[in-house]
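The residues making up each chain are set out below.
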Amino acid sequence: MSTRRRLGWAGSVVATAVALLTATLLGRSWNACDVGVNNSANGGFLLWVFIPVLAIVLLIVWLGTVALLGRRPLVSAVVGGALVLTVSWCALSLFWGDATYHCPSGVPPWWPDFVPAPGF
């Protein structure tokens, strides 16, 4: 199997895994801060809209990076991974909850202090 094909398969696995992890983090933060209508509506949005769209966007970012830097597989994998994490963080920031009664600062109580909270 060629290097580009292996990087393509790796990209699909990485994009799906990062989309699932991002949705899990977002769902848990919404649940802890009581954001949204209810857990069923939030879960439906995450499952049917957020995960598929984010996975497709992440895969396009990964494949675009591999297409541009395909002759250097290690560099394209590292740059693609960094771009996938950056796009995932931006998607998380777009939907991060606002300040609520349970989270006055908009950050769940379990969020570590040394990691900046998502949000623009």
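Small disclaimer: the values here were computed from a predicted structure and weren't measured.

**Q** Now, about the packing of helix H1 (residues 3-33) against helix H3 (residues 73-95): what can you tell me, with residues and values included?
**A** One way to put it is that H1 packs onto H3 with a least axis distance of 10 Å and a crossing angle of 25°. Classed by the angle they form, the pair H1 and H3 counts as roughly parallel. The interaxial crossing formed by H1 with H3 has right-handed handedness. Here H1 contributes Thr 3, Leu 7, Val 14, Val 18, Thr 22, Leu 25, Leu 26 and Trp 30 to the contact with H3, which in turn contributes Pro 73, Ser 76, Ala 77, Val 84, Leu 85, Ser 88, Leu 92 and Phe 95.

**Q** Which residues make up the nonpolar core, and what values go with them?
**A** Counting 23 residues, the largest nonpolar core has Ala 19, Leu 26, Leu 46, Phe 50, Leu 54 and Leu 58 as its most contacted members. Of all the elements in the fold, those that place two or more residues in this core are H1, helix H2 (39-68) and H3. The residues touching Leu 46, leaving out its near neighbours within four places in the chain, are Ala 23, Leu 26, Gly 27, Trp 30, Ile 51 and Pro 52.

Conventions and cut-offs
- Residues numbered from 1 in each chain as written.
- Predicted model: local features only at pLDDT ≥ 70, side-chain atom pairs only at ≥ 80, totals over all residues.
- Heavy atoms only, no water.
- Axes fitted to C-alpha atoms, helices over the stretch in contact; angles between N-to-C directions.
- Helix = DSSP H or I, 4+ residues; strand = E, 2+ residues; numbered from the N terminus.
- Parallel < 35°, antiparallel > 145°, perpendicular 65-115°, else oblique.
- Left-handed = near helix turned anticlockwise from the far one by under 90°.
- Contact = heavy atoms within 4.5 Å.
- Core = buried A, V, L, I, M, F, W, Y, C linked by side-chain atoms within 4.5 Å.
- Buried < 20%, exposed > 50% of the residue type's maximum accessible area, 1.4 Å probe, protein only.

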